[in-house]
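Survey of secondary and tertiary structure
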Amino acid sequence: MNKVRPKKALGQHFLTDLSIARRIADTVDACPDVPILEVGPGMGVMTQFLMQKGREFKVVEIDDESVVYLRQHFSSLEGSIVADDFLRMPLDRLFQGRSFVLTGNYPYNISSQIFFRMLEYRHLIPCCTGMIQKEVAERLAARPGSKTYGILSVLVQAWYDVELLFIVEPGVFNPPPKVRSAVVRLTRNNVEQLGCDERMFRRVVKTTFNQRRKTLRNNLRPLLSELGLSGVAWLQDDFFNLRPEQLSVGDFIQLTHHIANS
């Protein structure tokens, strides 16, 4: 097999520029001495450079055609190619429960889901790097007050420091995507516990951003009613005149704590 046919259903846009592939591969150097997991290697344009890092290395690929190609062209990967769905497989079994760096030229149609999956296994993933749509990268890195600041920003930044490293133009892909791409690096911060109920934290964040143009007061009413808190006096505080994009991660933690203890 000489090449793999890009499949729209899998969000595949194969990187063709070797210099950019090497630059992305080198982003894992910020988190040395742990194994590397590449998601969606396709035809191995990044894989060849990640293999040079001298670390334990595995790839996860859902596309059967890509799996065949990798086995034919990267014989040294024998035993390290996992033919599975990254979003469904148990990640704690990949390296016998050890930590690993997550990286890849992520499929555009599931990039946000990949980061939510990362959060589930944050105790095993000290660093995550890779290429995604520029729009998603900007959401990951957005600060409070920004139009792109939202659910993904808050939930990821609660646990990771986010860097937008560089932009990649469409012309270096096959097929070229209709959007620009960006390479990011996420590094675990020092937070071990949020100091509030984590499930409630996620609910509060998602609920308040449901209609981001509305105030916290209006967005929280259904949740507070469900919790039997619809008549609480503190809901009239001026704080609840704010819109969700005006709150920092710390503000959301305090808000969650306040709701859970009312």
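What this report covers is the structure whose coordinates are included nearby. Since the structure is predicted, the reported quantities are computational estimates derived from the model, not experimental observations.

1. What to know about the pattern of salt bridges
Taken as a whole, this structure holds 12 salt bridges when the rule is applied. Note that K53 and D29 form a salt bridge whose closest N and O atoms lie 3.1 Å from each other. Of the two residues, K53 sits in the loop between helix 2 (47-50) and strand 3 (57-61) while D29 sits in the loop between helix 1 (18-26) and strand 2 (36-39), which places them 24 residues apart along the sequence. Exposure remark for D29: the relative accessible area of 40% places this residue in the partly exposed category. Here the salt bridges do not stand alone but share partners, grouping K7, D63 and E65 into one network.

2. A word on the layout of surface pockets
Reported here for the largest pocket is a volume of approximately 450 Å³. Lining the largest pocket are 31 residues, and of these L10, Q12, G40, E61 and P107 sit closest to its centre. Looking at the lining of the largest pocket residue by residue, the classes come out as 18 nonpolar, 9 polar and 4 charged. Every residue along the wall of the second largest pocket is listed here: F116, L119, E120, R122, L155, W159, L194, E198, F201, R202 and K206. Listing elements by their share of the lining of the second largest pocket, those giving two or more residues are helix 4 (111-120) and helix 7 (198-208). Of all the elements, helix 7 adds the most residues to the lining of the second largest pocket, at 4 residues.

3. Regarding the pairing of strand 2
Neither face of strand 2 is open: one carries I36 and E38, the other L37 and V39, and all of them are buried. Judged from the 4 bridges that link them, strand 2 and strand 3 form a sheet pairing that is parallel. Its bridge partner lying in strand 3, L37 is registered against K58. Strand direction decides the pairing type here: strand 2 and strand 5 (residues 101-103), joined by 3 bridges, are parallel. Note on strand 5: the bridge partner recorded for E38 is T103.

About the cut-offs
Residues numbered from 1 in each chain as written. Predicted model: local features only at pLDDT ≥ 70, side-chain atom pairs only at ≥ 80, totals over all residues. Heavy atoms only, no water. Salt bridge = Lys/Arg side-chain N within 4 Å of Asp/Glu carboxyl O. Helix = DSSP H or I, 4+ residues; strand = E, 2+ residues; numbered from the N terminus. Buried < 20%, exposed > 50% of the residue type's maximum accessible area, 1.4 Å probe, protein only. 1 Å grid on protein atoms, 1.4 Å probe; cavity = no way out; pocket = protein on both sides within 12 Å on 5 of 7 lines; lining within 4 Å. Points joined across faces, edges and corners; volume = space filled by probe spheres on them. Nonpolar A, V, L, I, M, F, W, Y, C, P; charged D, E, K, R; others polar. Pairing = 2+ DSSP bridges.

Taken by themselves, the reported measurements are silent on function.
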